[in-house]
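Here are the chains, one letter per residue:
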Amino acid sequence: REEVTVELPVRVNWGGGWTDTPPYCIEQGGVVLNAAIRLGGVLPIRSVVRRLEEPCIQLESVDVGAFETVRDAAVIQQYNDPFDPFALHKAALISCGIIPLKDKADLRELLTEMGGGIYLATQVVGVPKGSGLGTSSILSAACVKALSRFFGGEASDGEVSETLLCMEQIMSTGGGWQDQIGGLMPGIKFLRTDPGMEQAVRAE
């Protein structure tokens, strides 16, 4: 598509937090009660993906006021600097299979084959850092969902969650499944998984 915007809620958690996080959930399974909420009537987590004529990647973090144009795939492959305002953007592009994890790649050639450059922006509206509302994981989910739609697909909530677990592993941030599922699925949810490496979330 030419342009995609994804807006998601934040999540509040009433119980079971951290049972969704490895190794606990792998050994015992997880049980969480949470809800997706708007803030002031607004879906505060946003990601925009837009096609560019020029074969480059533009990254923007609107609320931070950061913008960068990338013309070398190696820059995207430097995704694990915690002080980089675009670490999340880069990890999303890699985890979605758009940019290779390590292999050398000619970014211009890669993007030309895809039909043009990519603009990827994120924005968090009215949520303070460290709010405990699952913001960073839901923002990652918005990026993955937007990139999937941009390339003509529609990733399921489970597929988005699995991609996020990969993102968190390559970024060395760790994390579980409740934040992204809390933001992706509407309403109040009772969420459960069985023990095991594959964490398939069941929701009521």
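Above this text you will find the structure in question.
Residues numbered from 1 in each chain as written. Predicted model: local features only at pLDDT ≥ 70, side-chain atom pairs only at ≥ 80, totals over all residues. Heavy atoms only, no water.

A. Region of interest: the state of the cysteines. Going through the model one piece at a time under the given rule, you end up with zero disulfides. The structure places no disulfide on Cys25, whose sulfur is separated from the nearest cysteine sulfur, that of Cys166, by 14 Å. A residue is classified by how much of its surface remains accessible, and Cys25, at 1% relative accessible area, is buried. With no disulfide of its own, Cys166 lies closest to Cys96 among cysteine sulfurs, the gap being 9.9 Å. What makes Cys166 partly exposed here is its relative accessible area of 45%. (Disulfide = S-S within 2.5 Å. Buried < 20%, exposed > 50% of the residue type's maximum accessible area, 1.4 Å probe, protein only.)

B. Molecular detail of the packing of aromatic side chains. Per the counting criterion, the structure on display carries one aromatic pair. Pairing Phe150 with Phe151 gives two aromatic rings, centres 5.1 Å apart and planes at 85°, and the pair type is edge-to-face. On the basis of relative accessibility, which here comes to 7%, the residue Phe150 falls in the buried class. (Phe/Tyr/Trp six-rings, centres within 6.5 Å; stacked < 30°, edge-to-face > 60°.)

C. Quick peek at the sheet that holds strand β2 (residues 10-15). The strand order across the open sheet built from four strands is β2-β3-β8-β9, with neighbouring strands paired in antiparallel fashion. Pairing within the sheet leaves two strands with one partner each, and these edge strands are β2 and β9 (202-203). Across two bridges, strand β8 (residues 188-193) lies against β9 in antiparallel orientation. When the bridges of β9 are listed, Arg192 appears paired with Arg202. (Pairing = 2+ DSSP bridges. Helix = DSSP H or I, 4+ residues; strand = E, 2+ residues; numbered from the N terminus.)

D. Main features of the nonpolar core. Residues Leu8, Ile45, Ile57, Leu59, Ile76, Leu93 and Ile99 are the most contacted members of the largest nonpolar core, which totals 44 residues. With nine residues, helix α5 (residues 135-150) is the largest single contributor of residues to this core. Those residues in contact with Leu93, other than ones at most four positions away along the chain, are Ile57, Leu59, Ile76, Ile98, Ile99, Leu120 and Leu147. (Core = buried A, V, L, I, M, F, W, Y, C linked by side-chain atoms within 4.5 Å. Contact = heavy atoms within 4.5 Å.)

E. Local environment of the environment of Met185. For Met185, the position within the fold is in the loop between α7 (178-184) and β8. Separated by 65 residues in the primary sequence, Met185 and Leu120 have C-alpha atoms spaced 23 Å apart. In this structure Met185 touches Ala36, Asp157 and Ala203, once residues within four positions along its chain are discounted.

Function-wise, these values are silent; they only describe arrangement.
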